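Summary of the model geometry
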There are 4 protein chains.
Amino acid sequence: MLDASHYRIIAREGKPEYQGNLEARRVRVGDVEFGGAVPPVIAGPCAVESREHTLAIARAAKAAGADLLRGGAYKPRTSPYTFQGLGTEGLEILAEAREETGLPVVTEVMDVRLIEHVSRYADMLQIGSRNMQNFPLLTEVGKTRMPILLKRGMAASLSEWLCAAEYIARGGNLDIVLCERGVRCAVSRDYARNTLDLNVILSARQSCILPVIVDPSHSTGVAEMVPLAAKAAIAAGAQGLIVEMIAEEMDACSVLCDGRQSIHPRVLEEIVREIRSGLAAGVR
Amino acid sequence: MLDASHYRIIAREGKPEYQGNLEARRVRVGDVEFGGAVPPVIAGPCAVESREHTLAIARAAKAAGADLLRGGAYKPRTSPYTFQGLGTEGLEILAEAREETGLPVVTEVMDVRLIEHVSRYADMLQIGSRNMQNFPLLTEVGKTRMPILLKRGMAASLSEWLCAAEYIARGGNLDIVLCERGVRCAVSRDYARNTLDLNVILSARQSCILPVIVDPSHSTGVAEMVPLAAKAAIAAGAQGLIVEMIAEEMDACSVLCDGRQSIHPRVLEEIVREIRSGLAAGVR
Amino acid sequence: MLDASHYRIIAREGKPEYQGNLEARRVRVGDVEFGGAVPPVIAGPCAVESREHTLAIARAAKAAGADLLRGGAYKPRTSPYTFQGLGTEGLEILAEAREETGLPVVTEVMDVRLIEHVSRYADMLQIGSRNMQNFPLLTEVGKTRMPILLKRGMAASLSEWLCAAEYIARGGNLDIVLCERGVRCAVSRDYARNTLDLNVILSARQSCILPVIVDPSHSTGVAEMVPLAAKAAIAAGAQGLIVEMIAEEMDACSVLCDGRQSIHPRVLEEIVREIRSGLAAGVR
Amino acid sequence: MLDASHYRIIAREGKPEYQGNLEARRVRVGDVEFGGAVPPVIAGPCAVESREHTLAIARAAKAAGADLLRGGAYKPRTSPYTFQGLGTEGLEILAEAREETGLPVVTEVMDVRLIEHVSRYADMLQIGSRNMQNFPLLTEVGKTRMPILLKRGMAASLSEWLCAAEYIARGGNLDIVLCERGVRCAVSRDYARNTLDLNVILSARQSCILPVIVDPSHSTGVAEMVPLAAKAAIAAGAQGLIVEMIAEEMDACSVLCDGRQSIHPRVLEEIVREIRSGLAAGVR
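Everything numeric here is computed off the predicted structure, so don't read it as measured data.

**A few points about the pattern of salt bridges**
In the structure shown here, the tally under the stated rule is 88 salt bridges over all chains. The partner of Asp197(B) in a salt bridge is Arg152(B), and the shortest N-O contact between them spans 2.9 Å. One end of the pair, Asp197(B), is in the loop between β8 (176-180) and α6 (199-207); the other, Arg152(B), is in the loop between β7 (148-151) and α5 (158-169), and 45 residues separate them in sequence. Neither Asp197(B) nor Arg152(B) differs from the other in exposure class; each is buried. For Arg120(C), the salt bridge is made with Glu116(C), and the minimal N-O distance between the two is 3.8 Å. With Arg120(C) and Glu116(C) both in helix α3 (residues 115-121), this residue pair falls four residues apart, about one helical turn. Each member of the pair Arg120(C) and Glu116(C) is classed as exposed.

Pasting the structure below:
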């Protein structure tokens, strides 16, 4: 099933320096390093909805201890009639937020024609779950020198996910970070948006040399569950987190995208503090 | 859940001529019509692997009673190291096969940059399961005048599928045929590639005005099951089929792509005969 | 995965008379035979709710062409606060209905302590989905001479289902009919109670010598889908059906159990007529 | 969906002392308390396979810091041809192990006729996943005064699980501990036996007053994942663990049941130490 010949560049198998350990390739984004001793935290709004909102969240994310800023300028939305992102304006807002806070920017690209454009503003490109098997997109980002955050598809097997990463690696770009974001499962619809699959972390780390992080926001869909999922992810060996936030004074209903799963800055602060203090837990 | 305001152009709701019936919008591809009294059959190889092979299958498909020719020139493959299709050469072979047999050509496009190119050869564009939520691709094919075959994602809900079709319709292109191709389910891995979900057919037809067809090849993954799945699909109200074939003298292992689920021409002939003779069955 | 040594008594493997064909062991219930040329239809109420209601449905089932009467006297209900069945009184009503219509009675047993009691009234014992792996119950019904209808568990693999049948067969009772009743799947919750898994029919028939029937009521959960699912099941090789009905004059809301998926007698009549006329379809 | 009227006795809703907190009812087994500040750890062999093996594991479990001893005397096995447990002899061995170590015994009962017999030896009765909806069994253990460990079914929704607990509570027995043990999910078959569903913990605790523990052995199926899953479970709010062990000198292949997912005593010791030292993490 997990035949490493299909993801040979990123496979742990056959690489002597990666045998007998769970060491990951270090992926640097600005001054931040994935795969090292300290798990980076990416935080920010689901979508860039306005300049004020985004700058406020960016400042709060920085203050809470986040290492990178996330935010969608181009949003893949199930319905064509919901907010689709601000596009270039959103990218400019993100760049301004980076300027002010110093946090490198992670943002999604879903159109091959926009890779160059988005790369001008971003420090790391996110490939979203719905595009995990968009092979032209994977191939093209593999030709860039941008670090890539590759989310797992919502029903993807581990080998499909690793092969998707291999499409990127084949272009010469090995700066890939894998991100588990919950899978679709029959049982969980009563209480959660997806099922957080922590079992995949160890398997992914044993199979390949890439760092693996977790998105506790999409994998739960419920703000109250996010701190628990975040800490559980770190305990299970996750090498970083990506979390959706709203500003302190906002409530979930006033945001256009994913408010229900977004946490307030003080909750992020608590997560960062707890995972940093409890670093003895988890695989390393 | 199924809020028709998110797929309003294709919704049955609010269209008087589509009330109290299950009538579908007619989608014409050459002389073939989807949504009418007779369910069209699309048949052909998984991938265009060579000129000889493809022409042989096209002739056999025609002789067996198929109405359109399928065949992949650009193939979305899980692994970057398996056959990816012949590209333009494959398109030219398909065009030659159409020339010879008169069968209109259905082929997949997975790259927004190739829509125009593929449209020069194809009569109908297929959007594959892995791209069901590739929104730029949906938006761009919505601007063409090409009929679109929209496969359901392998873990897509009905509303996600209908919203994907709406992305196409919003561009002004309503010539969309939906295609159920099996879903990923925990229980079936012992004996089948996917789980054929026939329950979705009636629901999709009740929710929208588009014709709904079934792919018995991918929804089973096993050649022996294909005739049973094909007949069951028609009995369950499917308005057409898309089937993978290999040439009469070939065996499953000699093809590069999906041999295990491909049927021989004489099996196709039997399927066509049985579904045409048994047309009294199924919803109409 | 499908290691026949774990279900050796019922396995097709190693039985010369069952090689090169899909012949099934004939299972007789009264004058009705499962596994022969004509697929029997079991019909009746979900639960025996009253004498009048049950007798009315039994007469209607008989008139519509059903071969056996179903009805629950002991009901496995998710909630302890919903109607649990009439118990012995229900069994007596079923016996009276058999007396009047001549239809053999199929009813569920879920308690090892009641096998003997239920067997006094029933002609065939049903083991429900929730008890597919209730091994003491399987073992005990295996010691009886009663024909057994073994429903598939709602997330059971094929090998688990076959092994469950083997528990019965080991006691010396090979009069077992398998029943597919839909599986639980992440994608279908919008429009159906379960996902009807027709792919399993051929695999089950190829793996073992037992007849395989389908329950189109539970596998859809929606009355309108039942005739489609019933015909699709027969087309896919099902060797019988078990269908839930309500009386002609009743509506779905007035019954205590599963009204939404129960069909009226005239719909049953149409199903019986169509599957009998279309017998050329399907595997045999 | 989660209508508390169906599990009213165990519901948090409507009980003033359980509002605005996540307090659980305390369930005592011997001197051990579930639902309090310290999460108890249940450990022991999958099945009682021999006196020597069981006593060795019991001593090692005690030394490693476990609070209760688990071990199956009656085993629900998929295949009728695999080891089914030692029955009464197994119960006697467990009693001897308790005598020697002082650890209370948790063991499964799957037959209503054996409840009294098993209760003579056990301190807590386990209802396994396959019997989560064995309603006669639930009803009968509800009439005992034994603490009950109720495992979640492998495809059970939260409301089905809570309703199953309510069947027990209705008999007057509220000494119930819920146990998440992984769910069956399409994506995980490559690398794990089940998908550990940590999202359900908070939801279950918010919905009812019962303590919720996690089984990291069955929810992963892989010994190497067990410590990670155990720590993640505690971080996610689990109020205890149940873990399968083998003796220090044994290897996974020499045991008859579930060797692949069983950990050695030194690993258990590490788990106990880490979860006790890191108690600041998790919900309380």
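**Points about the interface of chain D and chain A**
With 40 residues of chain D at the interface, the matching set in chain A holds 40 residues. Around 2,800 Å² of area is buried between chain D and chain A when both sides are counted, 62% of it from carbon and sulfur atoms. By the criterion of area lost to chain A, the three top residues of chain D are Asp190(D), Tyr191(D) and Asn199(D), representing 24% of everything that side buries. Across the chain D-chain A interface, the total number found is zero salt bridges. Sorting the residues of the side of chain D that touches chain A by element identifies α5 (158-169), α6 (199-207) and α7 (226-235) of chain D as the ones contributing at least two each. Here the element with the most residues in the side of chain D that touches chain A is α6(D); it accounts for five residues. By residue class, the composition of the side of chain D that touches chain A is 22 nonpolar, 11 polar and seven charged.

**A word on the relation of the copies chain D and chain A**
In screw terms, the move from chain D to chain A is a rotation of 180° and a rise of 0.0 Å along the axis, fitting with an RMSD of 0.0 Å. Taken together, the turn and the small shift mark the pair as related by a two-fold rotation axis. The position closest to the rotation axis in chain D is occupied by the C-alpha of Ala232(D), lying 2.0 Å away. With an isologous cut-off of 70% or more, the 100% of interface residues of chain D that recur at the interface of chain A puts this contact in the isologous class.

**Here we look at the interface of chain C and chain D**
Listed per partner, the contact involves 36 residues of chain C and 36 residues of chain D. For the pairing of chain C and chain D, the buried interface totals around 3,000 Å² over both sides, and the portion due to carbon and sulfur atoms is 54%. At the surface where chain C touches chain D, the tally comes to four salt bridges. In this assembly, chain C and chain D are joined by 18 residue pairs in polar contact (both at pLDDT 80 or more). At the level of elements, α4 (135-142) and α5 (158-169) of chain C are the ones that each hand at least two residues to the side of chain C that touches chain D. Ranked by the residues each element gives to the side of chain C that touches chain D, the list is headed by α5(C), at four residues. Taken together, the residues that form the side of chain C that touches chain D break down as 15 nonpolar, 10 polar and 11 charged.

**A few points about the environment of Arg77(B)**
Considering the arrangement of structural elements, one finds Arg77(B) in the loop between β4 (68-70) and α2 (88-101). Taking relative accessible area as the criterion, Arg77(B) reaches 15% and is therefore assigned buried. Setting aside its immediate chain neighbours within four residues, Arg77(B) contacts Phe135(A), Tyr167(A), Thr82(B), Phe83(B), Gln84(B), Leu256(B) and Cys257(B).

**Points about the pairing of strand β5 (residues 105-108) of chain A**
Both faces of the sheet carry side chains from a regular strand, because those side chains alternate between them. Residues Val105(A) and Thr107(A) line one face of β5(A) and the alternating positions Val106(A) and Glu108(A) line the opposite face, and both faces are buried. Assessed by its sense of winding, the connection that carries the chain from strand β4 (residues 68-70) of chain A through helix α2 (residues 88-101) of chain A to β5(A) is right-handed.

**Here's the deal with the nonpolar core**
A general feature of soluble globular proteins is that nonpolar side chains tend to end up buried together. Core analysis: the largest hydrophobic core is formed by 374 residues, its most contacted members being Leu150(A), Leu150(B), Leu150(C) and Leu150(D). Those residues in contact with Leu150(B), other than ones at most four positions away along the chain, are Ile127(B), Met132(B), Leu138(B), Trp161(B), Ala164(B), Ala165(B), Ile168(B), Ile176(B), Val177(B), Leu178(B) and Cys179(B).

**Here we look at the packing of helix α7 (residues 226-235) of chain B against helix α7 (residues 226-235) of chain C**
Between α7(B) and α7(C), whose axes approach to 8 Å, the crossing angle comes to 160°. Here α7(B) is positioned roughly antiparallel relative to α7(C), judged by the angle of their axes. The crossing of α7(B) and α7(C) is right-handed. Residues Leu228(B), Lys231(B), Ala232(B) and Ala235(B) of α7(B) lie in contact with α7(C), whose contacting residues are Leu228(C), Lys231(C), Ala232(C) and Ala235(C). Looking at the contact of α7(B) with α7(C) residue by residue, the class counts come to six nonpolar, no polar and two charged.

**Observations regarding the packing of aromatic side chains**
On inspection of all chains with the given rule, the structure shows four aromatic pairs over all chains. The ring centre of Tyr81(B) lies 3.6 Å from the NZ or CZ of Arg8(A), which sits over that ring.

**A look at α7(C)**
Taking burial as the measure, the 10 residues of α7(C) include 10 buried ones, the bulk of the element. Inspection of α7(C) places Val226(C), Pro227(C), Leu228(C), Ala229(C), Ala230(C), Lys231(C), Ala232(C), Ala233(C), Ile234(C) and Ala235(C) among the buried residues, and these make up the whole buried set. Those residues of α7(C) that are buried lie in contact with α6 and α7 of chain B together with α6 (199-207), β9 (212-214), β10 (241-244) and α8 (265-277) of chain C.

**Notes on the relation of the copies chain C and chain D**
The two copies are related by a screw motion: chain C maps onto chain D through a turn of 180° and a shift of 0.0 Å along the axis, at an RMSD of 0.0 Å. Taken as a fraction of all interface residues of chain C, those also at the interface in chain D reach 100%, which identifies the copy contact as same-surface.

**Here we look at the pairing of strand β8 (residues 176-180) of chain C**
Residue and element names in this part refer to chain C. Of all the five residues making up β8, five are buried; the element is thus mostly covered by neighbouring parts of the structure. Burial of the side chains of β8 extends over both faces: Ile176, Leu178 and Glu180 are buried on one face and Val177 and Cys179 on the other. Here strand β7 (residues 148-151) runs beside β8; their pairing, made up of four bridges, is parallel. The partner of isoleucine 148 across the bridge, within β8, is isoleucine 176. In this view, the connection linking β7 to its parallel neighbour β8 by way of α5 has right-handed handedness. Following the chain from β8 across α6 to the adjacent parallel β9, one finds a crossover that is right-handed.

Cut-offs and rules
- Residues numbered from 1 in each chain as written.
- Chains lettered and ligands numbered in written order.
- Predicted model: local features only at pLDDT ≥ 70, side-chain atom pairs only at ≥ 80, totals over all residues.
- Heavy atoms only, no water.
- Salt bridge = Lys/Arg side-chain N within 4 Å of Asp/Glu carboxyl O.
- Helix = DSSP H or I, 4+ residues; strand = E, 2+ residues; numbered from the N terminus.
- Buried < 20%, exposed > 50% of the residue type's maximum accessible area, 1.4 Å probe, protein only.
- Contact = heavy atoms within 4.5 Å.
- Buried area = accessible area lost by both parts, 1.4 Å probe.
- Nonpolar A, V, L, I, M, F, W, Y, C, P; charged D, E, K, R; others polar.
- Least-squares fit on C-alpha atoms with pLDDT ≥ 70 in both.
- Polar contact = N/O pair within 3.5 Å; in protein donor to acceptor, adjacent residues only side chain to side chain.
- Right-handed = clockwise from strand over helix to strand, strands pointing away.
- Core = buried A, V, L, I, M, F, W, Y, C linked by side-chain atoms within 4.5 Å.
- Axes fitted to C-alpha atoms, helices over the stretch in contact; angles between N-to-C directions.
- Parallel < 35°, antiparallel > 145°, perpendicular 65-115°, else oblique.
- Left-handed = near helix turned anticlockwise from the far one by under 90°.
- Phe/Tyr/Trp six-rings, centres within 6.5 Å; stacked < 30°, edge-to-face > 60°.
- Lys NZ or Arg CZ within 6 Å of the ring centre and 35° of its normal.
- Pairing = 2+ DSSP bridges.

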